[in-house]
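Inside the fold
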Number of protein chains: 2
Amino acid sequence: MSIHVGILGYGNLGRGVELAVQAAEDMELTGIFTRRDPKTVPVAGKGVSAYHADSLSSMKDKIDVLIICGGSATDLPVMTPKYAADFNVIDSFDTHARVPEHFANVDKAAKANGKTAIISCGWDPGMFSLNRLYSHAILPAGSTYTFWGRGVSQGHSDAIRRIEGVKDARQYTVPVEDALCSVRAGENPVLTTRQKHTRECFVVAEEGADLARIEQEIKTMPNYFDEYDTTVTFISEEELKKNHSGLPHGGSVIVSGTTGAENEHTHVIEYKLTLDSNPEFTGAVLTAYARACVRMNQDGCCGCKTPFDVAPALLVPESPEEVRKHFL
Amino acid sequence: MSIHVGILGYGNLGRGVELAVQAAEDMELTGIFTRRDPKTVPVAGKGVSAYHADSLSSMKDKIDVLIICGGSATDLPVMTPKYAADFNVIDSFDTHARVPEHFANVDKAAKANGKTAIISCGWDPGMFSLNRLYSHAILPAGSTYTFWGRGVSQGHSDAIRRIEGVKDARQYTVPVEDALCSVRAGENPVLTTRQKHTRECFVVAEEGADLARIEQEIKTMPNYFDEYDTTVTFISEEELKKNHSGLPHGGSVIVSGTTGAENEHTHVIEYKLTLDSNPEFTGAVLTAYARACVRMNQDGCCGCKTPFDVAPALLVPESPEEVRKHFL
């Protein structure tokens, strides 16, 4: 029996989910759901239909799990609780400070209707979170470091694009190599924000714009850039398209800690991702958790969950025997 | 309420577990259990008592979980099913080919008595297995590589010690750097056994022994060394003690796979361990799974499990709210 999947939202992430669902042997894509006019949405996959989001209300029986591909700032806080009342749902909610509120809202809607929701499925939050937790379970007094990059930060790129005189921009978050080396060596350094990452900005300016002012505005932008060593490089629109059109990302979670009667033994655990496409990888993680979500609902496990609550075996289509045989 | 832990078996691994249990805020060590005369067992921890294994039968009510620290060849296949009838149990069973049989035996004993058992908890099998599975869930068509080392293989060291004229020996498994680099670059190479690892042997020979014969016997030993490029270095007993007394180990699980309409995006996931003490790290993993085992039993989840069946949140003492706050 295939798992019937709906995708709500069809930006980069929705397209990433579409690819992952189509690659899954045990899934069928019921449809793409969008708040735009579905006729204007060019669905990539063959034989896949786009519907208006409003039509979801009449398709409750046709969808086992709905993967919600929206932004964490305004979309998901509304959409995930709303749809959790009618569907098993998955999202990639990543606004850390608002997790308790989002969790509570989704939990209430899902529990009241016998549905299962898994929030914050991606790589951070998601796989990185899992590795922070697993490593803490093993080395409870260890130090945890998360490095991001080298990769494109879409939030920071957007922030630059909002500056007057900027036509387009791409921002790369880059981990500081010396800091990485020290952490990997188990040296347990104390690192400031500036010592962990640098920010590289590639900016296409409007003709005649004041480049010095733009550079200054970027480098002093509170929260986004002021605490970092930032470089700004002005490039042509052609160069941006040619060399910076991808959405690579990645990073490392590194935990170091000690054991021994006198803490004489150091251990370093590193989980490292090198991703050519952030949205396609995130979409693949969402899809794996969608499978687990359906299974947990079938087992009567309702309410809001996170990847911390999901037994790993639920993520793959293989049987428990096959899983033990091939992966143990 | 503390979790009361018993440790059965007190070699390197048992001592590693002892340290981890004593470092756990929510655990109390009920005792060390041994098949030797407990008077002859020098327990490392303060205030910890050693008992004969036979006394376990009278302590069923005093122990929430029994961590069984025995060898996979002959100890665990007998001990884990035996004690799973009376206790929640954990082991680090690592004989891959015999997992189905061991699982079935343990499952039968545990289920019949309402107990929970988790087998194969360590780093391989264990954390490496989890990373093979998680990565497969995300990149189902990806290629999985496991590299071990640089680290001491106790099985291979023992095999050398059984050769006539060998007084002591230490064998290091070393990953081949070129192979690692190629895999990390997502090149997806096809690698023979010889291309993945080399073996370095440090041997203390008996006085007057035929060194050339010993070296030849090592290098041609079937399964252990014949498929590898092996180096043999004869050293003094003092040098072995001074430079090779530790039990470091580690390695990497690396999975690379593609996404995209034309598989144009490559992703590389690496989980890497660098461990100063293999038994202390393994002991820490066993201890985390012991916590999960007790909780799963309290939830009515009986029978034999592996790390694949354990939701990560069960491994740490923190509440679900704290876990989401600190690790998500």
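The structure displayed is predicted, hence computed values, not measured ones.

Here we look at the pattern of salt bridges
Enumeration over the complete set of coordinates arrives at 28 salt bridges over all chains. Note that Arg291 of chain B and Asp26 of chain B form a salt bridge whose closest N and O atoms lie 2.7 Å from each other. Of this pair, Arg291 of chain B sits in helix H10 (residues 278-298) while Asp26 of chain B sits in the loop between helix H1 (12-23) and strand S2 (27-34); the two residues are 265 residues apart in sequence, bridging distant segments of the chain. Pair check on accessibility: Arg291 of chain B and Asp26 of chain B agree, each one buried. Here Arg213 of chain B makes a salt bridge to Glu217 of chain B, at a shortest N to O gap of 2.8 Å. Residue Arg213 of chain B and its partner Glu217 of chain B are located together in helix H8 (residues 211-219), separated by four residues, close to a single helical turn. With a relative accessible area of 26%, Arg213 of chain B lands in the partly exposed category. Taken together, the salt bridges that share partners define one network made up of Asp158, Arg161 and Asp168 of chain A.

Side note on the interface of chain A and chain B
It is common to give the size of an interface as the accessible area that goes away when the parts come together. With 57 residues of chain A at the interface, the matching set in chain B holds 57 residues. Between chain A and chain B lies a buried interface of about 5200 Å² when both sides are counted; carbon and sulfur atoms form 68% of it. Area buried by chain A at its contact with chain B is led by Tyr134, Phe327 and Leu328 of chain A, which between them contribute 15% of it. Seen at the junction of chain A and chain B, the total is zero salt bridges. Counting the contacts that link chain A with chain B gives 27 residue pairs in polar contact (both at pLDDT 80 or more). Listed by contribution, the elements that provide at least two residues to the side of chain A that touches chain B are helix H3 (99-112), helix H4 (127-138), strand S13 (265-275), helix H10 (278-298) and helix H11 (320-327) of chain A.

Structural notes on the side chain of Ser92 of chain B
Residue and element names in this part refer to chain B. Looking at the element boundaries, Ser92 is found in the loop between strand S5 (89-90) and helix H3 (99-112). On the basis of relative accessible area, Ser92 is assigned to the buried category, the value being 13%. Leave out the neighbours within four places in its chain, and Ser92 touches Leu13, Ser72, Leu76, Ser120, Cys121 and Leu286.

Here's the deal with the relation of the copies chain A and chain B
After a rotation of 180 degrees and a shift along the axis of 0.0 Å, chain A superposes on chain B with an RMSD of 0.0 Å. Interpreted geometrically, this transformation is the action of a two-fold axis. Comparing contact sets, 100% of the residues at the interface of chain A also lie at the interface in chain B, consistent with an isologous, same-surface contact.

Some details on the sheet that holds strand S14 (residues 303-305) of chain B
All names here are of chain B. Read from one edge of the open sheet, seven strands run S3-S2-S1-S4-S5-S6-S14, paired in parallel fashion. Edge positions in the sheet fall to strand S3 (50-52) and S14, since each has one partner strand and no second. With two bridges joining them, S5 and strand S6 (residues 116-118) adopt parallel strand pairing. Opposite Val89, over in S6, you have Ala117 as the bridge partner. Docked against the sheet, H10 engages strand S1 (3-8), S2, strand S4 (65-68), S5, S6 and S14, running at close to 155 degrees with respect to S6.

What about the pairing of strand S10 (residues 197-205) of chain B?
All names here are of chain B. The pairing of strand S9 (residues 166-175) with S10 spans nine bridges and is antiparallel. Note that in S10 the partner of Thr173 across the bridge is Arg199. Where S10 meets strand S11 (residues 229-234), six bridges bridge the pair, whose relative direction is parallel. Across the sheet, residue Thr198 finds its bridge partner in S11, namely Asp229. Chirality of the crossover, the property in question, places the unit of S10, H8 and S11 among those that are right-handed.

Brief notes about the confidence of the model for chain A
The share of residues in chain A with pLDDT of 70 or more is 100%, and the mean pLDDT across the chain is 96. Across the interfaces of the predicted complex, the ipTM metric reaches 0.97, alongside a pTM of 0.97.

Brief notes about the packing of helix H1 (residues 12-23) of chain A against H10 of chain A
Residues and elements named next belong to chain A. Contact geometry of H1 with H10 gives a least axis separation of 7 Å together with a crossing angle of 55 degrees. In terms of orientation, H1 lies oblique with respect to H10. Both H1 and H10 take part in a crossing whose hand is right-handed. Of the residues in H10, those touching H1 at Asn12, Leu13, Gly16, Val17, Leu19, Ala20 and Val21 are Pro279, Glu280, Thr282, Gly283, Ala284, Leu286 and Thr287. For the contact of H1 with H10, the per-class residue count stands at eight nonpolar, five polar and one charged.

Here we look at empty space enclosed by the protein
According to the stated counting rule, one finds three cavities of 30 Å³ or more in the structure shown. Considering only enclosed or pocket space, the largest cavity measures out at about 40 Å³ in volume. Lining the largest cavity are Met127, Leu130, Asn131, Tyr134 and Tyr271 of chain A together with Met127, Leu130, Asn131 and Tyr134 of chain B. Of all the secondary structure elements, the ones that give two or more residues to the lining of the largest cavity are H4 of chain A together with helix H4 (127-138) of chain B. A per-class count over the lining of the largest cavity returns seven nonpolar, two polar and no charged. Taken as a whole, the second largest cavity holds about 40 Å³ of empty space. What lines the second largest cavity is Pro77, Phe93, Arg98, Glu101, His102 and Asn105 of chain B. With three residues, the top contributor of residues to the lining of the second largest cavity is H3 of chain B. Its residues assigned to classes, the lining of the second largest cavity shows two nonpolar, two polar and two charged.

What counts as what
- Residues numbered from 1 in each chain as written.
- Chains lettered and ligands numbered in written order.
- Predicted model: local features only at pLDDT ≥ 70, side-chain atom pairs only at ≥ 80, totals over all residues.
- Heavy atoms only, no water.
- Salt bridge = Lys/Arg side-chain N within 4 Å of Asp/Glu carboxyl O.
- Helix = DSSP H or I, 4+ residues; strand = E, 2+ residues; numbered from the N terminus.
- Buried < 20%, exposed > 50% of the residue type's maximum accessible area, 1.4 Å probe, protein only.
- Contact = heavy atoms within 4.5 Å.
- Buried area = accessible area lost by both parts, 1.4 Å probe.
- Polar contact = N/O pair within 3.5 Å; in protein donor to acceptor, adjacent residues only side chain to side chain.
- Least-squares fit on C-alpha atoms with pLDDT ≥ 70 in both.
- Pairing = 2+ DSSP bridges.
- Axes fitted to C-alpha atoms, helices over the stretch in contact; angles between N-to-C directions.
- Right-handed = clockwise from strand over helix to strand, strands pointing away.
- pLDDT = per-residue confidence, 0-100.
- Parallel < 35°, antiparallel > 145°, perpendicular 65-115°, else oblique.
- Left-handed = near helix turned anticlockwise from the far one by under 90°.
- Nonpolar A, V, L, I, M, F, W, Y, C, P; charged D, E, K, R; others polar.
- 1 Å grid on protein atoms, 1.4 Å probe; cavity = no way out; pocket = protein on both sides within 12 Å on 5 of 7 lines; lining within 4 Å.
- Points joined across faces, edges and corners; volume = space filled by probe spheres on them.

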